[in-house]
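Residue-level listing of the chains:
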Amino acid sequence: MNDEAEELGTQDDSTSARQDRRVRIVAGGPIMVEGPVQVELPDGTVASSDRVVVALCGCRRSSIYPFCDTSHRRRCRRNRQ
Ligand code: FES
């Protein structure tokens, strides 16, 4: 492994077939996962998506849970005068 690859946490040799899947948590929003994914829910059902990046709902407001439908963006508006 060269210094740059080691610094980035990657390996460039052919003996390593491992590729870590990246997950990004958006503050106040979804959990972004590199797809395709299959999500197993507590009741045992499995939801799947073939998208390149999948937004998983972290707020439980989505009508298409476990996937994000942007409902997390809706907030109560104050009366402005
Ligand atoms: S995180 Fe987007 S609807 Fe829940």
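A few points on the structure. (Residues numbered from 1 in each chain as written. Predicted model: local features only at pLDDT ≥ 70, side-chain atom pairs only at ≥ 80, totals over all residues.)

## With respect to the sheet that holds strand β1 (residues 23–25)
If you walk across this open sheet you meet the 3 strands as β1-β2-β5, and the pairing is antiparallel. Strand pairing shows two members of the sheet lacking a second neighbour, β1 and β5 (53–56), which therefore form its edges. Strand-to-strand, the axes of this sheet are offset by a mean angle of 20°, without reference to chain direction. Relative to strand β2 (residues 31–34), β1 runs antiparallel, the two sharing 3 bridges. Paired with Val23 across the two strands is Val33, which belongs to β2. (Pairing = 2+ DSSP bridges. Helix = DSSP H or I, 4+ residues; strand = E, 2+ residues; numbered from the N terminus. Axes fitted to C-alpha atoms, helices over the stretch in contact; angles between N-to-C directions.)

## Some points on unusual backbone geometry
With an omega of -5°, the peptide bond between Gly35 and Pro36 qualifies as cis. Here Pro36 shows up in the loop between β2 and β3 (37–40). At the junction of Tyr65 and Pro66, the peptide bond is cis and its omega measures out at 20° in the coordinates. Within the element layout of this structure, Pro66 appears in the segment after β5. Backbone geometry at Thr70 places phi at a positive 70°, although glycine is not the residue there. By the element assignment, Thr70 lies in the segment after β5. The exposed category is assigned to Thr70, around which 12 C-beta atoms lie within 10 Å. (Buried ≥ 20, exposed ≤ 12 C-beta atoms within 10 Å, placed from the backbone.)

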